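# Summary of the model geometry
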Amino acid sequence: MTTPPATPTWRIVEPPMPASLEDPDAWAYHGVAALERTAALADLGHDDFAPRAVDLLVAARHQEHLRRYRLVAVEERADGAPADGATADGATAEGVPDGAPRVVGYGSLSLPVTDNRHLAVVRVVVLPSHRRRGIGAALADRLRRVALTEGRSTLFAEVEFAVEPAEDALDALTPREGDGRVSADLPGMRFARRAGLGLEIVARRSVLDLPLPGDVVERFAAEAAARAGADYRVHTWQDPVPEAWAAQLAALEQRLSEDEPNGGLVLEAERWDAARIRVEEAKRSESGQGALFTVAEHVPTGTLAGMTMLVYSHDRPEITEQDSTVVLPEHRGHRLGMLLKAVNLREHARVRPATRRISTWNNETNAPMLAINDALGFRPAGGSAELQAPLADVVPLTER
Ligand SMILES: CC(C)(COP(=O)(O)OP(=O)(O)OC[C@H]1O[C@@H](n2cnc3c(N)ncnc32)[C@H](O)[C@@H]1OP(=O)(O)O)[C@@H](O)C(=O)NCCC(=O)NCCS
């Protein structure tokens, strides 16, 4: 444990909104991306999901469904001027202009606007070299006040972890409802619980190592197709979503948010329409990402019974994320979940042969989805703890 310095050598600022990543005002976006990468490598052992500067900028540009409020903690030199933009290990972060402030902490508040208007999603991350100096607490308290001003009533946060503790580990913490464990000793868990947040869910991260051996996917696809029968026909595409399916795809996304087990989290169903599908697609396109979809059409009615999607960054060929998968209740029991995933994986192997791993997150209580993933060969690889508290009960961390 380090002793906090008597006077802070950092201060909190609202980052400017840059016109582009080449704009000198983009220093905070480059600095946050460098910080996120350093923290992810230290905390999780990989930076597969650390947001890049472009992801942060695209999220700032597209606030149609999620408003963002961001703060950065920047280091100051002894003379009071901000320090220049070097990363924790002393290297200059990619894209950080010379002389730009050095980002040592980052806080964001995400405020849903289309649905879940009671919710404020908070994220605080501090450079490992700068922890236990009160930076996280100062960021969290500022964000708490913004959430209150915005009239939100529930605060939600996630703490990611690399390894699930053993069942008999002294520090193992289990959600009130449901399965899964997280270590109560993680800095993020200590921090969040200190602020009064309670553990509601543990989501398991699962990883599928690629390429898959032999004909695994082909076999699962054929077995599932035989069970599903002639009433179902699959369609596969890469972005963009065909106009004919956009509204139905939105209905499936909405259904997923209605049906996904959420433990004790105070969550409303999301509201999706074709326009929201296009917003997500535009965000992917602007940040150099793409998605591969497989849907199941119920042939007698011409309607979609289910969908699955894989999302990836074109400049990171080695990794892909398994995003939403859903089958409508009236079409369950026909192996459509396996059919969709197996067909999409088969197509993924064709269009992204260099990919080495696919990650996905599922609530530990979502047995049907976990069973499909296990059968396909996904292995557990840590996860994320989801915490919440009524905003009125959240404890300020800097006021003791
Ligand atoms: C969690 C995190 C943001 C804390 O940042 P920080 O700047 O070190 O936090 P602070 O110094 O302001 O700590 C505030 C209080 O949180 C608790 N805390 C934070 N880290 C702790 C640790 N490693 N062990 C025990 N308590 C801890 C303490 O109560 C601390 O107060 P104290 O130092 O007076 O005892 C940082 O560890 C981090 O970036 N972790 C990875 C991302 C994450 O999990 N974020 C949390 C989810 S939003």
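Residues numbered from 1 in each chain as written. Predicted model: local features only at pLDDT ≥ 70, side-chain atom pairs only at ≥ 80, totals over all residues. Heavy atoms only, no water.

In the nomenclature of an unreviewed UniProt entry, the chain is known as N-acetyltransferase domain-containing protein of Isoptericola hypogeus.

## Brief notes about the nonpolar core
Stated precisely, the cut-off is as follows: Note on terminology: a nonpolar core comprises buried Ala, Val, Leu, Ile, Met, Phe, Trp, Tyr and Cys residues joined through side-chain atoms within 4.5 Å. Using a 1.4 Å probe on the protein chains alone, a residue whose accessible area is under 20% of its type maximum counts as buried, one over 50% counts as exposed, and one in between counts as partly exposed. A helix here means a DSSP run of H or I that spans at least four residues, while a strand means a run of E at least two residues long, and both kinds are numbered starting from the N terminus. The contact criterion used is simple: two residues touch if any of their non-hydrogen atoms lie within 4.5 Å.
In terms of nonpolar packing, the biggest core is built from 57 residues, with Val72, Leu109, Leu155 and Leu197 touching the most fellow members. For this core, the element with the highest residue contribution is helix α3 (residues 135–149), accounting for eight residues. Beyond its immediate stretch of four places on either side in the chain, leucine 197 contacts Leu155, Ala157, Ala192, Leu387, Gln388, Ala389 and Val394. Counting 27 residues, the second-largest nonpolar core is a separate cluster that includes Leu292, Leu336, Ile358 and Ile372.

## Points about the site of the ligand
Here is the rule: Whether a residue is near a molecule or strand depends on its heavy atoms: it is near if one of them lies within 4 Å of it. Polar contact is defined as a pair of N or O atoms within 3.5 Å, subject to the rule that within protein one atom must be able to donate a hydrogen and the other to accept it, and that residues adjacent in sequence are counted only when both atoms are side-chain atoms. The Shrake-Rupley method, run with a 1.4 Å probe sphere, supplies the accessible areas, and residue values consider only the shown protein chains as cover.
Every one of the 20 residues lining the ligand counts as a neighbour, but Val126, Arg132, Gly136, Ala137 and Arg194 are closest to it. Between the ligand and valine 126 there is a distance of 2.8 Å, counted from an oxygen atom to a backbone nitrogen or oxygen. Residue arginine 194 places a side-chain N or O atom 2.5 Å away from an oxygen atom belonging to the ligand. Look at the ligand: alone it shows 900 Å² of surface, and the protein chains cover 83% of it. Put simply, the parts of the chain that give the shell around the ligand at least two residues each are β4 (119–126), α3, β5 (154–161) and α4 (187–194). When residues of the shell around the ligand are assigned to their parent elements, the largest contribution, five residues, is made by α4.

## Details of the pattern of salt bridges
To keep it simple, the criterion reads: For this analysis, a salt bridge means a side-chain nitrogen from Lys or Arg found within 4 Å of a carboxyl oxygen belonging to Asp or Glu.
Per the counting criterion, the structure on display carries 30 salt bridges. For arginine 123, the salt bridge identified is with glutamate 36, shortest N-O distance 2.6 Å. One end of the pair, arginine 123, is in strand β4; the other, glutamate 36, is in helix α1 (residues 27–44), with 87 residues separating them in the sequence. Taking the relative accessible area as the measure of exposure, arginine 123 reaches 31% and is therefore partly exposed.

## What to know about the packing of aromatic side chains
Aromatic ring pairs: the centre-centre distance and the angle between the two ring planes describe each pair. Put simply, the test is: Stacked, edge-to-face and tilted are the three classes for Phe, Tyr and Trp ring pairs, Trp counted by its six-membered ring, which pair at centre distances within 6.5 Å; planes under 30 degrees apart are stacked, over 60 edge-to-face, the rest tilted. We call a charge positioned over a ring when the NZ of a Lys or the CZ of an Arg lies within 6 Å of the ring centre and within 35 degrees of the ring normal.
One pass over the structure, following the stated rule, counts two aromatic pairs. Consider the rings of phenylalanine 49 and tryptophan 361, whose centres lie 5.0 Å apart with planes at 80°: the pair is edge-to-face. One end of the pair, phenylalanine 49, is in the loop between α1 and α2 (53–61); the other, tryptophan 361, is in strand β13 (residues 357–363), with 312 residues separating them in the sequence. Judged by centre distance (5.2 Å) and plane angle (25°), the ring pair of tryptophan 237 and phenylalanine 293 falls under stacked. In this pair, tryptophan 237 is assigned in strand β9 (residues 232–238) and phenylalanine 293 in strand β10 (residues 289–298), connecting sequence segments 56 residues apart. You'll find tryptophan 237 and phenylalanine 293 in the same group, each marked buried. Positioned above the aromatic ring of phenylalanine 220, the side-chain terminus of arginine 219 is 5.6 Å from the ring centre.

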